[in-house]
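Structure at a glance
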Amino acid sequence: MDNKVILEIKNLSKVYESKGIRVKALTDVTLTVNQGETVGIVGESGCGKTTLGRCVARGIEATSGQVLFHTEEDGVIDFLKATKAQMKKYRRDIQMIFQDPYASLDPRMTVFDIISEPLRYNTKMNKRQIEQAADRIAEQVGLNKAYLRRYPHAFSGGQRQRIGIARSLILQPKVIVCDEAVSALDVSIQAQIINLLEDLQKEYNLTYLFISHALSVVKHISDRVLVMYLGRVVEFGETDALFENPMHPYTKALLSAVPQPDPDVTMKRVVLQGEVPSPAAPPSGCHFHPRCAYKTERCTQEAPPLEEHDGRFVACWNCGVCSAKEKGAE
Amino acid sequence: MAETKKRDNKYYYASQWSLMWRKFRRHKLAMAATWLLLVFYTVAILGNFIAPQGTEQYDGNYVNCGPTKIHWFHEGEFIGPFVYGLEVDRDPETLMRIFVEDESQIYPIRFFVQGDEGGEYKWFGLIPSNLHLFGVDEGGKIFLFGTDSMGRDLFSRVILGAQISMFIPIVGMLLTLVLGLIMGSLAGYIGGWVDTVIQRIIEVVRSFPQVPLWMALSAAIPKTLKPAQVFMMMTLILSLISWPDLARTVRSKFISVKKEDYIMAARISGAPPLKIVTKHMIPSFTSYIIVNMTMSIPGLIMGETTLSFLGLGLRSPATSWGVLLQETNKLETIMFYPWRLIPMIFVFLTVLAFNFMGDGLRDAADPYK
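Procedures and definitions
Sequence order as written defines the numbering, with residues in each chain counted from 1. The lettering of chains begins at A and the numbering of ligands begins at 1, in the order of writing. Only residues with pLDDT of at least 70 are given local features in this predicted model, and only at 80 or more are side-chain atom pairs given and counted; all residues enter the totals for whole chains, interfaces and linings. The basis for the side-chain values is all heavy atoms of the structure; hydrogens and waters are excluded. Where helices and strands are cited, they refer to DSSP runs of H or I of at least four residues and of E of at least two residues respectively, numbered from the N terminus. It only takes one pair of heavy atoms within 4.5 Å for two residues to be counted as in contact. In this description, accessible areas are obtained by the Shrake-Rupley approach with a 1.4 Å probe, and a residue is regarded as covered only by the protein chains that are shown. Here the term patch refers to residues with relative accessible area over 30% and no salt bridge, with like charges joined within 9 Å and nonpolar side chains (Val, Leu, Ile, Met, Phe, Trp, Tyr) within 5 Å. Just to be clear on terms, a salt bridge is a Lys or Arg side-chain nitrogen sitting within 4 Å of an Asp or Glu carboxyl oxygen. Only four residue types enter the tally: Lys and Arg on the positive side, Asp and Glu on the negative side, with His and both chain ends excluded. Here the site of a charge means atom NZ of a Lys, CZ of an Arg, CG of an Asp or CD of a Glu. Only strands that DSSP links by at least two bridges are regarded as paired with each other. Convention adopted: a line fitted to C-alpha atoms gives each axis, helices being fitted over their contacting stretch, and angles between N-to-C directions are expressed from 0 to 180 degrees. For the exposure calls, accessible area comes from a 1.4 Å probe over protein chains only, and a residue counts as buried if that area is under 20% of its type's maximum, exposed if over 50%, partly exposed in between. A pair of aromatic rings is counted whenever rings of Phe, Tyr or Trp (Trp by its six-membered ring) have centres within 6.5 Å, and the orientation is called stacked for planes under 30 degrees apart, edge-to-face for over 60 and tilted otherwise. Boundaries between domains were set according to an automatic or database domain assignment. Buried area: the sum, over both parts, of the accessible surface (1.4 Å probe) that disappears when the two are put together. Three classes are used, and their members are as follows: Ala, Val, Leu, Ile, Met, Phe, Trp, Tyr, Cys and Pro are nonpolar, Asp, Glu, Lys and Arg are charged, and the others, Gly among them, are polar.

This next bit is on the overall build of chain A. When helices and strands are tallied, chain A shows 11 helices and 12 strands. Seen through its principal axes, chain A has C-alpha atoms that stretch 70 × 50 × 45 Å. In chain A, 64% of the contacts between residues at least 6 apart in sequence involve partners at least 24 apart. Of the accessible surface of chain A, which amounts to about 15,200 Å², a share of 48% is contributed by carbon and sulfur atoms.

Here we come to a negative patch on the surface. A cluster of acidic residues, Glu-75, Glu-77, Glu-101 and Glu-103 of chain B, forms a negative patch on the protein surface. With respect to the helices and strands, Glu-75 of chain B occurs in the loop between strand S1 (71-74) and strand S2 (77-90).

Let us look at the pairing of S1 of chain B. Residue and element names in this part refer to chain B. Of the pairings in the sheet, the one linking S1 to S2 comprises three bridges and is antiparallel in character. Opposite His-71, over in S2, you have Phe-82 as the bridge partner. Two successive antiparallel strands, S1 and S2, enclose a turn made up of two residues, where Glu-75 displays a positive phi of approximately 50°.

Residues and elements named next belong to chain A. Taking strand neighbours across the sheet as the criterion, the eight strands line up as S6-S7-S8-S3-S9-S10-S12-S11 in an open arrangement whose pairing is mixed. With partners counted over all chains shown, the strands left at the sheet margins are strand S6 (94-97) and strand S11 (307-309), one partner each. Direction aside, the axes of adjacent strands within the sheet are offset by 20° on average. Bridge count for S11 against strand S12 (residues 312-314) is three bridges, and the pairing is antiparallel.

So, on to the pattern of salt bridges. Where charged atoms of side chains with opposite charge meet at close range, the side chains can pair. Residues and elements named next belong to chain B. Evaluation of the coordinates by the stated rule reveals 26 salt bridges over all chains. Across the pair Glu-327 and Arg-152 runs a salt bridge, and its minimum N-O distance is 3.7 Å. Here Glu-327 is found in the loop between helix H12 (321-326) and helix H13 (331-336), whereas its partner Arg-152 is found in the loop between strand S6 (131-136) and helix H5 (154-165), with 175 residues between them in sequence. The partner of Glu-327 in a salt bridge is Arg-157, and the shortest N-O contact between them spans 2.9 Å. Remark: Arg-157 occurs in helix H5 and Glu-327 occurs in the loop between H12 and H13; sequence separation between them is 170 residues. Given a relative accessible area of 2%, Arg-157 falls into the buried group. Put simply, Asp-148, Arg-152, Arg-157 and Glu-327 are held in one network by salt bridges that share partners.

In this section: helix H1 (residues 49-56) of chain A. Residue and element names in this part refer to chain A. Extensive coverage of H1 is indicated by the burial of seven of its eight residues. All of the buried residues along H1 are Lys-49, Thr-51, Leu-52, Gly-53, Arg-54, Cys-55 and Val-56. Phi turns positive one or two residues past the end of H1, at Arg-58, with a value near 60°.

All names here are of chain B. What the rule picks out here adds up to 25 aromatic pairs over all chains. Aromatic pair Phe-40 and Phe-346: ring centres 5.8 Å apart, planes at 45°, arrangement tilted. Taken together, the residues span a long stretch of sequence, with Phe-40 in helix H3 (residues 28-45) and Phe-346 in helix H14 (residues 342-365) at a distance of 306 residues. The burial state of Phe-40 is the same as that of Phe-346; both residues are buried. Here a set of aromatic residues connected by ring pairs shows up, and it is made of Phe-40, Phe-134, Phe-145, Phe-155, Trp-321 and Phe-346.

All names here are of chain B. We note that the domain assignment places domain 1 (54-156) and domain 2 (166-365) within chain B. Computed over C-alpha atoms only, the centres of domain 1 and domain 2 are separated by 38 Å. With 14 residues of domain 1 at the interface, the matching set in domain 2 holds 12 residues. Connecting domain 1 to domain 2 are one salt bridge.

So, on to the domain arrangement of chain A. Quoted interface sizes are often the accessible area lost when the parts come together. Residue and element names in this part refer to chain A. In terms of domain boundaries, chain A breaks down into domain 1 (5-228) and domain 2 (247-329). With centres defined by C-alpha atoms, the gap from domain 1 to domain 2 works out at 30 Å. The partner domain 2 presents 10 residues to the 11 residues of domain 1 that form the contact. Of the roughly 870 Å² buried between domain 1 and domain 2 on both sides combined, carbon and sulfur atoms contribute 68%. Taken as a group, Glu-44, Leu-215 and Val-227 account for 52% of the area that domain 1 buries against domain 2, more than any other trio of residues on that side. A salt bridge links Arg-291 to Glu-44, with the nearest nitrogen and oxygen atoms 3.8 Å apart. The set of elements that each furnish at least two residues to the side of domain 1 that touches domain 2 consists of strand S2 (21-34) and strand S9 (224-229). Among the elements that take part in the side of domain 1 that touches domain 2, S2 stands out by supplying five residues, more than any other. Of the residues belonging to the side of domain 1 that touches domain 2, the class tally is six nonpolar, two polar and three charged.

Moving on to the interface of chain A and chain B. Each side of the interface is counted separately: chain A has 29 residues, and chain B has 27 residues. Summed over both sides, the interface between chain A and chain B buries roughly 2,500 Å², with carbon and sulfur atoms accounting for 58% of that surface. The largest per-residue losses of area from chain A upon contact with chain B belong to Arg-108, Tyr-121 and His-153 of chain A, which jointly make up 30% of the total buried on that side. Here chain A and chain B share one salt bridge between them. Notably, a salt bridge pairs Asp-261 of chain B with Arg-54 of chain A, separated by 3.3 Å at the nearest N-O pair.

Now the structure itself:
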């Protein structure tokens, strides 16, 4: 991996407002993504991972912040505030795979129309070229091209997800946001789709933002992992190091929930107290403090910034304290 | 094996509309209703040809005459369909005028005959003609549903009335569709204060009691208008009152489909907003709009009938089912001339058929559920 930065997400925030209730779905999310790598984004339901993905791909509009996209010809552009001409040129570079393979395909269009729709808006290909491109991409994602004239209702979940992948891939994007791309599928199908995604990544040097709540999948596929809690980044670092030695107390609790396939390994589970607070009324200071066993006075008042510790980004005032305490206890 | 495979393939390649058709076809009652409506509309369109008389023909000698009996055998001998001549008589008890068959006169029913004077019409408003589907020779009379108090053939009037009563709703529905679509899409797609304003207008329109509102609006129609103009005004009135339902459906569909994943997928793939609306959003609820429109037709038929019954719509000699029913609003008419209520059967059948068809369409409307 050449560590060439492709995407810089800076202070991305998203606020939903309805009838006087403000919900901060994302607060100042910052991360950089290198070309060709897979960044896993994990966290429990409602932590903002899907919102993050959708804001980056501009499926929804972020409230503030930047998504800096490093292009070869035009240097760095802010994807969120791109001009019409820039959008026309670079829209195709950031695409998305959706979680629900049933809801994300228009049931009234044939598979061919679904797959080729992006081409119609982004290229000037003629009918024959579009057909050839669709055939090629169908073959690549493992769809029988004889089935292209069928409608989505003729396909199973795994096949539908392949259709979704073909649609996001046909524009040859640089970055793909995989929003829970395999969560809705059977385990055996999950493996097939993950292998497919990995093969495609190798072939096209794709960059993935891999959003998932399935930690084992994230561990397998990601180069780096971003952990989110209630709209904020709590920890970001290399996958192996992060799984080996989580630094943030929330990450510790989250990782200890991963089931172990080996029955001989006894696990020490960190069980969190209480519920996830509502994002409409988040706690003061560090969002995690009401459930944290190591909280101090400062945690209740000030939100900790995301700071680098040994090549890892952690947002905690007492970074390392919990690990030290655990070691002491042993 | 090969048979099932062929069937599966047909299913896999089936578009939304063919899936809907498969489902609709299985709804027996809806299919029967559809056929009935097809027959009714065909008859109404060919009304001038099928009806033996025109709207302005009458015969003072045959007032309140009961339905004519059609015979096949004369004194045990088969001679095909015919009617006997009619003679006026007095009921010995009530002294009312009654008609008795004169078995010495035989008038065979003839097909494709030239009608009497006054029965002229133009095919599709263009080619003048006086050809009628059936009739009897000079001197004989055939009144399938009897006659009214002016000696007009009720069968002809029911058919010619259908032209008004079955087409006002269609035109009214189209106007409703235009109004409802525009208001509903504005409210649903733009949202915000536009939505609020339209919602309040809908609530105001819906909270008016219908009949008094109809009466007020009809009172505004000048009495001197020609039937065709009255017709237009009536459709306008009916659609002004019935658009809110459709507008609400369209609005809610817009709001719900806006959040669908495939809409976001289209946006991410670079589709411009207009394309998203026309290619993804509107097709997703076209079927619901069709259902809604079908279900709104019975209301419009009843509306036309009610208006005319109240004497606020068309007036004789212009004919609609409402006009025909309005003429029966005396107790003695119902007591002595029950055949005058035949138009009611047709109102009933049509409304019922539309409801059944709408039912079938609703079940078929979303084949993906």
